[in-house]
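Fold and geometry: a report
Here is how the chains run, residue by residue.
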Amino acid sequence: LRDFRLKSDPLDYEPLLALLEDVREKLIELTPRSKDLAAELRTHLDIQLLGQIAHQGLLDAVTIHGLLAFLLERLMALQAPCRAAETRFWFSGIDVQAQAAMSEGNDGQGGSTKPTPAFVALLPSVFKTIFERINETRRDIANAHVEMLRPYLAQHGVVYERQKFAERLREGEVKLIHTQAWLHDVCASTECVTQLTLVAQGDAQAHCALLADALMCLLRKPVR
């Protein structure tokens, strides 16, 4: 029965405050080096202060709407232009519904607009979309970093992998027993005797031909 609330009971703002704090911290995580953005977000969304306002019954729909608009503006500033345009278009549709819901709760005397059931019902889908957009932005940022690193990885990746493999080989973490057996079998065949002689004389073409034969021999073997 504790999950039920009478219409006359005050709203429980704790879930809303927890979601606002979660969105705030996730936005900060997108730009961990931007201290100015972090300070602005934490100042504008002081959860302790908002909690005090809520407990006094002063956290109205207009304030909640303004906080969401602020968070989305900061999110769109971090998004790619095409993503930001999509987010702005989506929020414009939500804004129409929010304004209609707030007008239902307006007391007509210029006072605060209490969150109406229609306004509260909008919040779950709004936060769901905000989290999806944040995750999307995180992926976009990661992909952008990968694209920036791609030329470096292409240039140095092979050298790095070769060095790490050589270290593991020296430390005995990797054994080349099967590789040595395979090469021994290839080199022991009569077809490779001439090529081995040429390789010993420094013939690069014979070396390439020997490797090609060795690979063909490997491909013909059963693979596990």
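Note that the structure is predicted; figures quoted are calculated from it, not measured.

When its secondary structure is counted, the protein shows nine helices and zero strands. In the protein, the succession of helices and strands from N to C terminus is α-α-α-α-α-α-α-α-α. Taking all 224 residues of the protein together, 28% fall into the buried category. Excluding contacts between residues fewer than 6 apart, the proportion of contacts in the protein whose partners are at least 24 apart in sequence is 67%. About 15,900 Å² of surface is accessible on the protein, with carbon and sulfur atoms providing 59% of the total.

Together, Leu149, Tyr152 and Leu153 line one region of the surface with nonpolar side chains, adding up to about 320 Å² of accessible area. With respect to the helices, strands and loops of the structure, Leu149 is situated in helix α6 (residues 117-170). Assessed through its relative accessible area of 45%, Leu149 is described here as partly exposed.

It is worth spelling out the environment of Ala54 at this point. Along the chain, Ala54 turns up in helix α3 (residues 47-55). Expressed as a C-alpha distance, the spacing of Ala54 and Asp12, which sit 42 residues apart in the sequence, is 8.7 Å. Non-local contacts of Ala54, meaning those with residues more than four positions away in its chain, are made with Tyr13 and Leu59.

Attention now moves to the packing of helix α2 (residues 35-44) against helix α4 (residues 61-78). Each pair of packed helices can be described by the angle between their axes along with the distance between the axes. Put simply, α2 and α4 touch, their axes get as near as 11 Å, and they point 170° apart. In terms of their interaxial angle, α2 and α4 are classed as roughly antiparallel. Touching Leu37, Glu40, Leu41 and His44 of α2 are Leu67, Phe70, Leu71, Arg74 and Leu78, all from α4.

Below, the discussion takes up the packing of aromatic side chains. Under the defined criterion, the tally for this structure stands at one aromatic pair. Aromatic side chains Trp90 and Phe91 sit 6.2 Å apart centroid to centroid with 45° between the ring planes, which places their arrangement in the tilted category. Each member of the pair, Trp90 as well as Phe91, carries the same accessibility label: buried.

For Thr137, the position within the fold is in helix α6. If we skip the residues at most four places from it in the chain, Thr137 touches Leu30, Leu75, Leu78 and Gln79.

Look at helix α9 (residues 204-220): 25 Å from first C-alpha to last across 17 residues, which is about the 24 Å you get at 1.5 Å a residue. Among all positions of α9, only Ala206, Leu210 and Ala214 are buried. All buried residues of α9 fall inside an arc of 80° around its axis, so they share one side. In α9, the exposed residues that point more than 90 degrees away from the buried face are Ala204, Gln205, Cys208 and Leu219. Buried positions along α9 lie against α7 (177-188) and α8 (193-200).

This part covers the packing of helix α1 (residues 14-30) against α6. Viewed as axis vectors pointing N to C, α1 and α6 meet at an angle of 15°, and their least axial separation amounts to 10 Å. With respect to α6, the axis of α1 lies roughly parallel. The handedness of the crossing between α1 and α6 is left-handed. For the pair α1 and α6, the contacting residues are Leu16, Leu19, Leu20, Asp22, Val23, Lys26, Leu27, Glu29 and Leu30 in the first and Leu123, Phe127, Ile130, Phe131, Ile134, Thr137, Arg138 and Ile141 in the second. Taken together, the residues that form the contact of α1 with α6 break down as 12 nonpolar, one polar and four charged.

Rules used in this analysis
Residues numbered from 1 in each chain as written. Predicted model: local features only at pLDDT ≥ 70, side-chain atom pairs only at ≥ 80, totals over all residues. Heavy atoms only, no water. Helix = DSSP H or I, 4+ residues; strand = E, 2+ residues; numbered from the N terminus. Buried < 20%, exposed > 50% of the residue type's maximum accessible area, 1.4 Å probe, protein only. Contact = heavy atoms within 4.5 Å. Areas by Shrake-Rupley, 256 points an atom, 1.4 Å probe, with all protein chains shown as cover. Patch = residues over 30% accessible without salt bridge, like charges linked within 9 Å, V, L, I, M, F, W, Y side chains within 5 Å. Salt bridge = Lys/Arg side-chain N within 4 Å of Asp/Glu carboxyl O. Axes fitted to C-alpha atoms, helices over the stretch in contact; angles between N-to-C directions. Parallel < 35°, antiparallel > 145°, perpendicular 65-115°, else oblique. Phe/Tyr/Trp six-rings, centres within 6.5 Å; stacked < 30°, edge-to-face > 60°. Expected span 1.5 Å × (residues − 1). Arc of directions from axis to C-beta. Left-handed = near helix turned anticlockwise from the far one by under 90°. Nonpolar A, V, L, I, M, F, W, Y, C, P; charged D, E, K, R; others polar.

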